[in-house]
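# Architecture at a glance
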Amino acid sequence: MIHKPTAGNQWWRSGVIYQIYPRSFLDASGDGIGDLPGIIKGLPALVDLGVDAVWLSPFYQSPQKDGGYDVSDYCSVDALFGTLADFDHLVAEAHNLGLKVMIDLVPNHTSDQHPWFQRAISSPPGSKERDFYHFRYEEDLPNNWVSLFGGPAWTKLTDGSWYLHLFDSSQPDLNWNNPEVRKEFEKILRFWLDRGVDGFRVDQPHAMAKAEGLPDHPYVEEAGAGFIEGRESPPMWFQEEVHDIFRRWRKILDSYSPERAMCGEAYVLPLSFMAKWVRPDEFHQTFNFRFLDADWSLERIRSAINESFAAFDAVSAPSTWVLNNHDVIRHASRFGGGYGRPTASDGISSKDPQPDSQLGLQKARAATLFMLALPGVSYLYQGEELGLPEHSTLEDSRRQDPTFFRTGGKRVGRDGCRVPLPWDNSNGSNGFSDGDPWLPQPEIFKELARANQTAPNSTLQLYKKALKLRKELSLGNGGFDWLEIPGALGFQNRNVKVVHNFSDAPISIDGTVLINSSGNATDLLEPNDTVWLSD
Ligand code: NOJ
């Protein structure tokens, strides 16, 4: 057997975790921006959907230069989203409803408005205040590193000193060699754990430790800031020193009851290397970007799954599976066109070829159904349960992603997957807000609003049925074996056979249909559809 059923059935081993992007979930205040009271209002819909936990993208005090991933106070709630009392209410309400709550921790960088950075730039070169960040004092660029959002990874202050930022210039990188930085983050972890959060999704953990002396990136021209399999680790990623930090954090989490968990947003390949991030005394899980980047191709999905089980089983960690998040083109559009590596976060503009929305949605529903039968943890991103497409014709004047600005519009960035959710047809933003939504919705959101998806064949009902079956059949902690079916990818988990038709012709299937991504219960599986069958 490729993967054996696991004994542990904790939520972080076998559950389904739903990502909430607070700005775009539901707005209770009427200012056009989603907020914590809106999330509280929407929680029953998530219970109805059948997820086990929610992960909240950042809601902390922030100038919002990078959608809140530029934090200026880690122990606060930005007034845009509500108050700490709202947060406590949210956690209590989620727990009453049986949902776990994970929050985002952003330790690689702060906002340039964070008091630590403000204090640093008003202190002299060489001071202990400056040692919280990476400052350099030469005339020219200190090294050849580039920002993931485009342009150099260094910005010069008016006093002539440079500071490092792997993302936007408003997001200076912290110096994790400084024990004071480590101490501050341990306090931050405890602050939220004491408030009852069940865990953290940790942003860019593989970037926190940098190679001694910040040497040039040896293959920056080829890789940008990315990763090339088989090459030595770039000096800003995957440094061994980072593991001590996670071990320390794990000890802190383990001192709390009930059990808390952390997920690393570690873009680390190959997966055998990523497995180091989920050794028993480090992260509980990491995002499986290998699966996300495999797109929807038979060979790449097969090898991603094989590598995942081999790597994660070796360290007794669950594999996670993910097809969407707030950084990538929504899968209902991605699978309807060739848009390159999803994690490049390039987006779609009205000048690009537009997705085939029908094919995209068909494949997206099938891919999700396939994913939800895999043992391990599945992550869903808000709105995918409605079959929402990317906003692929957003006007440039509405864009907010720093990627758009740092590349002079060459990469339009991630706004298209962050558009406010449609709930019903009660107002101009389809029930999202009584005000003007911060990003406009495409026309199709009217039809796709949650309240409109009551027909058994709607995407929302498909997700609900799949999540219910997944739980009833204990697929989350089941086993995995491939089934050999020409033109298809098939596997068995417990008594369920799962088949996706990658070929151009229908495949005849044998068994009782439990659920079919097309909604048809025939004994033929059409191209691009997935079916679950019982023996
Ligand atoms: C990953 C987050 O998912 C993304 O939205 C953010 O821009 C970068 N990390 C920087 O924090």
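Just so it is clear, the structure is predicted and the values come from calculations on it, not from any experiment.

All right, on to the pattern of salt bridges then. If you walk through the whole model with that rule in mind, you get 33 salt bridges. A salt bridge links Glu 139 to Lys 156; the nearest nitrogen and oxygen atoms lie 3.9 Å apart. With Glu 139 in the loop between β4 (135-136) and β5 (154-156) and Lys 156 in strand β5, this residue pair connects regions lying 17 residues apart in the sequence. The class for Glu 139 is exposed, based on a relative accessible area of 61%.

Attention now goes to the sheet that holds strand β14 (residues 496-501). Spatially, 5 strands are ordered β12-β13-β14-β18-β16 in an open sheet, and the strand pairing comes out antiparallel. Of all strands in the sheet, those with a lone pairing partner are β12 (481-483) and β16 (512-516), marking the two edges. Across the sheet, the axes of successive neighbouring strands diverge by a mean angle of 30°, strand direction being ignored. Taken together, the 5 bridges between β14 and strand β18 (residues 530-534) define a ladder with antiparallel strand orientation. In the strand pairing of β18, His 500 is matched with Thr 530. Sheet strands in contact with helix α12 (residues 357-372) are β13 (488-493), β14, β16 and β18, and its direction is about 35° off that of β18. In this fold helix α15 (residues 459-472) packs onto β16 and β18, with an angle of close to 130° to the strand it touches most, β16.

For the pair helix α2 (residues 36-49) and helix α3 (residues 84-96), interaxial distance at closest approach is 9 Å and the crossing angle is 10°. With respect to their mutual orientation, α2 and α3 come out roughly parallel. In this structure, α2 uses Leu 36, Pro 37, Ile 39, Ile 40 and Leu 43 to contact α3, whose residues at the interface are Asp 86, Phe 87, His 89, Leu 90, Glu 93 and Ala 94. Here the residues of the contact of α2 with α3 sort into 8 nonpolar, 1 polar and 2 charged.

Let us now look at the nonpolar core. Within the largest apolar cluster, 153 residues are counted, with the highest numbers of intra-cluster contacts made by Phe 200, Trp 249 and Trp 532. Beyond its immediate stretch of four places on either side in the chain, Trp 249 contacts Leu 105, Pro 107, Trp 176, Phe 185, Glu 186, Leu 189, Val 202, Met 208 and Met 262. Membership of the second largest hydrophobic core comes to 7 residues, among which are Ala 488, Ile 509, Leu 525 and Val 531.

Attention now goes to the environment of Thr 368. Take Thr 368: it is sitting in helix α12. As a C-alpha pair, Thr 368 and Thr 83 span 285 residues in sequence and 35 Å in three-dimensional space. Filtering out sequence-adjacent residues up to four positions away, Thr 368 remains in contact with Leu 323, His 331, Glu 384 and Tyr 463.

Conventions adopted
Within each chain, residue numbers correspond to sequence positions counted from 1 in written order. It should be noted that, the model being predicted, local features are given only for residues of pLDDT at least 70 and side-chain atom pairs only at 80 or more, the latter also being counted only at that level, while totals for whole chains, interfaces and linings use all residues. Heavy atoms from the whole structure form the basis of all side-chain values; hydrogens and water molecules are not counted. When a carboxyl oxygen of Asp or Glu is within 4 Å of a side-chain nitrogen of Lys or Arg, the pair counts as a salt bridge. Strands are runs of DSSP state E lasting at least 2 residues, helices are runs of H or I lasting at least 4, and numbering of each runs from the N terminus. Exposure is judged per residue with a 1.4 Å probe applied to protein chains only, and the accessible area is read against the type maximum: over 50% gives exposed, under 20% gives buried, and values in between give partly exposed. Here a strand pair is declared whenever DSSP counts at least two bridges between the two strands. To obtain an axis, a line is fitted to C-alpha atoms, over the contacting stretch when the element is a helix, and the angle between two such axes runs from 0 to 180 degrees between their N-to-C directions. Any two residues having at least one pair of non-hydrogen atoms within 4.5 Å are treated as being in contact. Geometric relationships in this document are graded by angle, where less than 35 degrees denotes roughly parallel, more than 145 denotes roughly antiparallel, 65 to 115 denotes roughly perpendicular, and other angles denote oblique. Each residue gets one of three labels, nonpolar for Ala, Val, Leu, Ile, Met, Phe, Trp, Tyr, Cys and Pro, charged for Asp, Glu, Lys and Arg, and polar for the others, Gly among them. Each nonpolar core is a collection of buried residues, namely Ala, Val, Leu, Ile, Met, Phe, Trp, Tyr and Cys, held together in the definition by side-chain atoms within 4.5 Å.

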